[in-house]
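Commentary on secondary and tertiary structure
Now for the letters of each chain:
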Amino acid sequence: MSAATDRVAQAFEAAGIPAERWGKARLARLSEAERELYRWILRSFADGRVPDAAATRETASRLGLDPGDAFDKLAREDLVHRDASTGEIVVAYPFSGRPTGHRVRIGPRNEVDAMCAIDALGIPFMLGEATEVVSRDPLTGEEVRIWVDPGRAVRWQPEGAAVFAGSDRCGGPASAVCCAFVNFFASRENAERYLRETPAVGGEVLSIPETVEAGRIVFGGLLR
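Residues numbered from 1 in each chain as written. Predicted model: local features only at pLDDT ≥ 70, side-chain atom pairs only at ≥ 80, totals over all residues. Heavy atoms only, no water.

1. Thoughts on the overall build of the protein
Rules: Under the scheme used here, helices are H or I runs from DSSP no shorter than 4 residues and strands are E runs no shorter than 2 residues, and both carry numbers assigned from the N terminus. The buried label goes to any residue with under 20% of its type's maximum accessible area, the exposed label to any with over 50%, and the partly exposed label to all in between, with areas taken from a 1.4 Å probe on protein chains only. Only heavy atoms matter for contacts: two residues are in contact if any of them lie within 4.5 Å across the pair. All accessibility values rest on the Shrake-Rupley procedure with a 1.4 Å probe; residue burial counts only the protein chains present in the view. The charge count treats Lys and Arg as positive and Asp and Glu as negative. His and the chain ends do not count. A charged residue contributes its charge at one atom only: NZ of Lys, CZ of Arg, CG of Asp or CD of Glu.
Of the regular secondary structure elements, the protein holds 8 helices and 11 strands. Expressed as a percentage of the 224 residues in the protein, the buried residues total 50%. For the protein, long-range pairs separated by at least 24 residues make up 59% of all intrachain contacts whose partners lie at least 6 apart in sequence. Counting only carbon and sulfur atoms, one obtains 49% of the accessible surface of the protein, whose full area is about 10100 Å². Charge centroids of the protein, computed over 28 positive and 33 negative side chains, lie 3 Å from each other.

The following block contains the structure:
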């Protein structure tokens, strides 16, 4: 195992992302109809629209699923979570139904919010499309931009940008225990400072290429 691969593995462990959450393994415990519902939700986000409660219920029914049972299953598998009062989708990893500060432009078409830095950099590998990610350092507010063209090039500004990947080590869905702590920083020094100043959170500091690889592992090929 290379040093870079080892750091990514350590980051996955710190952020609570086990191997059964990588790529198509995320779908292993779903029926074919449940998989199609999940993929329909992801494609809807990728097309620039958050599917509303009525549309999701209609799609589940069209696939022969009981909507309530289907979304309970997706929630148990920590794939999709809805607002308890409205039924609207708020989490469909890697996408967020609410603003997160990790804005992803997909090709020339659409903009979406990602749940965290790893999710943001996984989107191009899930869709097979070039993306631009715009986020901000939570300590300084400095803008961080990353351009990813799968299989071709990765560029980022500022040059020293890094990612902190970790969790508060509490139980629960990833959206609650790690997404808030997986962020872009303008420098490795800022990320290490965040780690020192947040003792309740454990994790690893990754370079941008290492985080791109983490995103590819978790979301690559999920729709294919």
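2. A short note on the sheet that holds strand β9 (residues 162–167)
Where we set the bar: A strand pair is defined by DSSP finding two or more bridges across the two strands. Axis definition: a line fitted to C-alpha atoms, limited for helices to the stretch in contact. Angles are taken between N-to-C directions and run from 0 to 180 degrees.
Spatially, 3 strands are ordered β10-β9-β11 in an open sheet, and the strand pairing comes out antiparallel. Of all strands in the sheet, those with a lone pairing partner are β10 (183–185) and β11 (202–207), marking the two edges. Sheet twist, expressed as the mean angle between neighbouring strand axes with direction ignored, is 30°. Strand direction decides the pairing type here: β9 and β11, joined by 6 bridges, are antiparallel. Its bridge partner lying in β11, Phe164 is registered against Val205. Helix-sheet contacts for helix α7 (residues 188–197) involve β9, β10 and β11, and the interaxial angle to β11 is about 180°.

3. Some words on the side chain of Asp83
This is how it is decided: Any pair of nitrogen or oxygen atoms within 3.5 Å is treated as a polar contact; in protein, a donor-acceptor pairing is required on top of that, and neighbouring residues in sequence qualify only through side-chain atoms on both sides.
Along the chain, Asp83 turns up in the loop between β1 (80–82) and β2 (89–92). Overall, Asp83 belongs to the buried group, its relative accessible area being 18%. Polar side-chain contacts of Asp83 include one of 2.8 Å to the side chain of Arg98. Discounting chain neighbours no more than four positions away, the residues touching Asp83 are Glu88, Val90 and Arg98.

4. Some remarks on the packing of aromatic side chains
Condition: In this analysis, rings of Phe, Tyr and Trp, with Trp reduced to its six-membered ring, are considered paired at centre separations within 6.5 Å, and the interplanar angle assigns stacked below 30 degrees, edge-to-face beyond 60, and tilted for intermediate values. Only when the NZ of Lys or the CZ of Arg is both within 6 Å of the ring centre and within 35 degrees of the ring normal is a charge said to sit over the ring.
In total, this model carries 4 aromatic pairs according to the counting rule given. A cation over a ring is seen here: Arg155 above Trp147, with NZ or CZ 4.5 Å from the ring centre.

5. Points about the packing of helix α5 (residues 117–127) against helix α8 (residues 208–219)
What describes two packed helices is the angle between their axes and the distance between those same axes. What counts here: For any pair of crossing helices, the crossing counts as left-handed if the nearer helix is rotated counterclockwise from the farther one by less than a right angle, and right-handed if it is rotated clockwise.
At a minimum axis distance of 7 Å, the contact between α5 and α8 shows a crossing angle of 60°. Between α5 and α8 lies a crossing whose hand is right-handed. The segment α5 lies against α8, with Ala117, Ile118, Asp119, Leu121, Gly122, Phe125 and Met126 engaging Ile208, Thr211, Val212, Ala214, Gly215, Arg216 and Phe219.

6. What about α7?
Because an α-helix completes one turn every 3.6 residues, residues spaced three or four positions apart along the sequence face the same direction. What counts is decided by this rule: To be clear, the arc concerns the directions from the helix axis to the C-beta atoms.
Among all positions in α7, only Asn190, Ala191 and Tyr194 are buried. Looking down the long axis of α7, one finds its buried residues gathered within 100° of arc, a one-sided arrangement. Turned more than 90 degrees away from the buried face of α7, the exposed residues are Glu189 and Arg196. Buried residues belonging to α7 abut β9, β10 and β11.

7. Brief notes about the pairing of β2
Alignment of β1 against β2, held across 3 bridges, turns out to be antiparallel. What sits directly across from His81, in β2, is Val91. Between β1 and β2, which follow one another and run antiparallel, lie 6 residues, and Gly87 among them has a positive phi close to 80°. Across 2 bridges, the pairing between β2 and strand β3 (residues 95–96) is antiparallel. Its bridge partner being in β3, Val91 is matched across the sheet by Ser96. Two successive antiparallel strands, β2 and β3, enclose a turn made up of 2 residues.

8. Observations regarding the sheet that holds β1
Pairing within the open sheet is antiparallel, and its 8 strands lie in the order β1-β2-β3-β5-β4-β6-β7-β8. Bordering the open sheet on either side are β1 and β8 (153–157), each of which pairs with just one other strand. Pairing of strand β6 (residues 131–136) with strand β7 (residues 143–149), which is carried by 6 bridges, proceeds in the antiparallel orientation. Bridged to Glu132 within β7 is Trp147. Running at roughly 130° to β8, α8 makes contact with β7 and β8 of the sheet.

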